[in-house]
Amino acid sequence: MKNGFKKLKFTLALSLFPIKPLLEKIGIYYDLVKIGNDFYREDFYRTETRDCAVILPHCLIHEDCPATFSKVEGILCIGCGLCRCGEIKALSEGKGLRFFITPSVGFTKRLAERKGIKAALGATCDFEIERGFQTTRISLRGVHLNRRRVIPQAVMISKYDCIDNDVDWDLLKEIILSRKD
Ligand code: SF4
């Protein structure tokens, strides 16, 4: 049974999100990603491993990344060690999770549909959250794509920049390692 307080908190956070800038002007701040993560966490961990993926954005790869690009799978990390995506890939696959690096939010949505992903751990920035909120339905049941619903867990990347970005890699690892095999 879903915790009633978390449900109420997330419902409120979602409905007030469009007026967040206004609320901030009067000193009211809240972290939608953290509230959402808390709300979805149980469902994320409960989703079968085979239906779950780790999907990182391309801004985390090194600018000299030697990986090739597949229209179907995204950026094909070879774990060269220039960035930490390879480490997350190895860890994810070691836990039986699928791993992808995508070039855009649109690609991520199509990937989730094509691959039948039901839960995903990703990394995102404020800009993508605001844009996503305008173009994608988010409900208590997850993020709604065309024919699919995905239960998310998200970690914020450090800045809005498409090159050599950074993220809390330890937090990503912690979320992956917390999954039961
Ligand atoms: S570890 Fe993977 S993603 Fe990072 S630079 Fe190397 S091949 Fe590219």
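Criteria and thresholds
- Residues numbered from 1 in each chain as written.
- Predicted model: local features only at pLDDT ≥ 70, side-chain atom pairs only at ≥ 80, totals over all residues.
- Heavy atoms only, no water.
- Buried < 20%, exposed > 50% of the residue type's maximum accessible area, 1.4 Å probe, protein only.
- Helix = DSSP H or I, 4+ residues; strand = E, 2+ residues; numbered from the N terminus.
- Pairing = 2+ DSSP bridges.
- 1 Å grid on protein atoms, 1.4 Å probe; cavity = no way out; pocket = protein on both sides within 12 Å on 5 of 7 lines; lining within 4 Å.
- Points joined across faces, edges and corners; volume = space filled by probe spheres on them.
- Nonpolar A, V, L, I, M, F, W, Y, C, P; charged D, E, K, R; others polar.

(A) Quick look at the pairing of strand 5 (residues 119-124). Extensive coverage of strand 5 is indicated by the burial of six of its six residues. Burial along strand 5 is two-sided: Ala-119, Leu-121 and Ala-123 and Ala-120, Gly-122 and Thr-124, pointing in opposite directions, are all buried. Pairing analysis gives four bridges linking strand 1 (residues 52-57) to strand 5, with the strands arranged parallel. Paired with Cys-52 across the bridge in strand 5 is Ala-119. The sheet contact formed by strand 5 and strand 8 (residues 149-156) spans six bridges and is parallel. The residue of strand 8 that forms the bridge with Leu-121 is Gln-153.

(B) Here's a closer look at the pairing of strand 8. With respect to burial, strand 8 is a largely interior element, six of its eight residues being buried. Joining the antiparallel neighbours strand 7 (residues 142-144) and strand 8 is a turn of four residues.

(C) Structural view of the layout of surface pockets. Of the pockets and cavities examined, the largest pocket occupies roughly 1100 Å³. Going through the elements one at a time, helix 1 (4-16), helix 3 (32-46), strand 1, helix 5 (105-115), strand 5, helix 6 (126-135) and strand 8 are the ones with two or more residues in the lining of the largest pocket. Tallied by class, the residues present in the lining of the largest pocket amount to 28 nonpolar, twelve polar and four charged. Here the second largest pocket defines a volume of roughly 300 Å³. Lining the second largest pocket are 15 residues, and of these Phe-17, Lys-20, Asp-126, Ile-129 and Glu-130 lie nearest its centre. At the level of elements, helix 2 (20-25), helix 3 and helix 6 are the ones that each hand at least two residues to the lining of the second largest pocket. Among the elements that make up the lining of the second largest pocket, the one with the highest residue count is helix 6 (five residues). For the lining of the second largest pocket, the class distribution of residues is nine nonpolar, one polar and five charged.

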